[in-house]
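Report on the structure
The lines below spell out each chain.
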Amino acid sequence: KAAEERAERQKEYDLRKKQREVEKLDEQPYVAEITLIEQTMKFCRTMVAPKDDKKEEEKKEIVHNVPDGGELLKSKKEREEEEFLVAPTKGKKSKNKPKSESASAKSIKHNAETFRLFDQLKLDAPLSTDDVPALLEKLQAKLEDYQAKVKEWEEKREDMKKEILEGMTEKEEKAEAEEAKTDE
């Protein structure tokens, strides 16, 4: 009697195990890798993108109704600009040397976390902004590779579920046959 109860519990356990394995197949693989690549690409794009914080403001033409004999004063900004243009004084000589072409390729400062993330992707962290476009191409290739793997997984997922369910039923049949032999 105890052997029968044990066999029944074992069947229930195997059934639950089978269901867990099928549920695991529903979880998409490579989610963490794809997310990491996408975030890294976004990070790299922010370093390369031109920083156009200064938006050109459109000046509206204002019509002033000034009575005869009246005078229109300029705005404070316009007056300050005029003062700078009108009264230039002899300024100090600049000690700064003119910046060369290397200024266009700014160096990138990384912290330990960014180095770790690039290491996870098995890529070298870009040291200057000139390295970023090539790195973006590599990241795009990796992303496409992972997306191809996910598509392949989606196509094979149903077949794998069937194999697991069938494989478990075969194991259960073998276990039942062995139990029947031991009972005899």
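Residues numbered from 1 in each chain as written. Predicted model: local features only at pLDDT ≥ 70, side-chain atom pairs only at ≥ 80, totals over all residues. Heavy atoms only, no water.

**Section: the overall build of the chain**
When helices and strands are counted, the chain shows five helices and zero strands. Relative to its 184 residues, the chain shows a buried fraction of 18%. Across the chain, the fraction of contacts at a sequence separation of at least 24, relative to all contacts at a separation of at least 6, is 69%. Accessible area for the chain stands at about 16,800 Å²; split by element, carbon and sulfur atoms hold 50% of it. (Helix = DSSP H or I, 4+ residues; strand = E, 2+ residues; numbered from the N terminus. Buried < 20%, exposed > 50% of the residue type's maximum accessible area, 1.4 Å probe, protein only. Contact = heavy atoms within 4.5 Å. Areas by Shrake-Rupley, 256 points an atom, 1.4 Å probe, with all protein chains shown as cover.)

**Description of the packing of helix α2 (residues 31–48) against helix α4 (residues 112–120)**
Each pair of packed helices can be summarised by the angle the axes make with each other and by the distance between the axes. Where α2 contacts α4, the two axes come as close as 11 Å, and the packing angle between them is 130 degrees. With respect to their mutual orientation, α2 and α4 come out oblique. As for how α2 packs across α4, the hand of that crossing is left-handed. Judged by residue contacts, Leu36, Thr40, Phe43 and Cys44 of α2 engage Thr114, Leu117, Phe118 and Gln120 from α4. Class assignment of the residues belonging to the contact of α2 with α4 gives a composition of five nonpolar, three polar and no charged. (Axes fitted to C-alpha atoms, helices over the stretch in contact; angles between N-to-C directions. Parallel < 35°, antiparallel > 145°, perpendicular 65-115°, else oblique. Left-handed = near helix turned anticlockwise from the far one by under 90°. Nonpolar A, V, L, I, M, F, W, Y, C, P; charged D, E, K, R; others polar.)

**With respect to the confidence of the model for the chain**
Low-pLDDT stretches of the model should not have their predicted coordinates read in fine detail. Across the chain, the average pLDDT comes to 76, with 71% of residues at 70 or higher. Counting interchain partners and residues more than four positions distant, the pLDDT-below-50 stretch residues 98–103 has zero contacts. (pLDDT = per-residue confidence, 0-100.)

**Some words on the nonpolar core**
Ile37, Met41, Cys44, Leu121, Leu135 and Leu139 are the most contacted members of the largest nonpolar core, which totals 19 residues. Mapped onto this core, the elements with two or more residues apiece are α2 and α5 (132–183). A total of eight residues in this core trace back to one element, the largest contributor, which is α5. (Core = buried A, V, L, I, M, F, W, Y, C linked by side-chain atoms within 4.5 Å.)

**Digging into the packing of aromatic side chains**
Ring pairs (aromatic) are described by centroid distance and by the angle formed between their planes. In this structure the tally under the stated criterion is one aromatic pair. Both rings, one in Tyr30 and one in Tyr146, keep their centres 5.3 Å apart while their planes meet at 50 degrees; by these two values the pair is tilted. One end of the pair, Tyr30, is in the loop between α1 (2–26) and α2; the other, Tyr146, is in helix α5, with 116 residues separating them in the sequence. (Phe/Tyr/Trp six-rings, centres within 6.5 Å; stacked < 30°, edge-to-face > 60°.)

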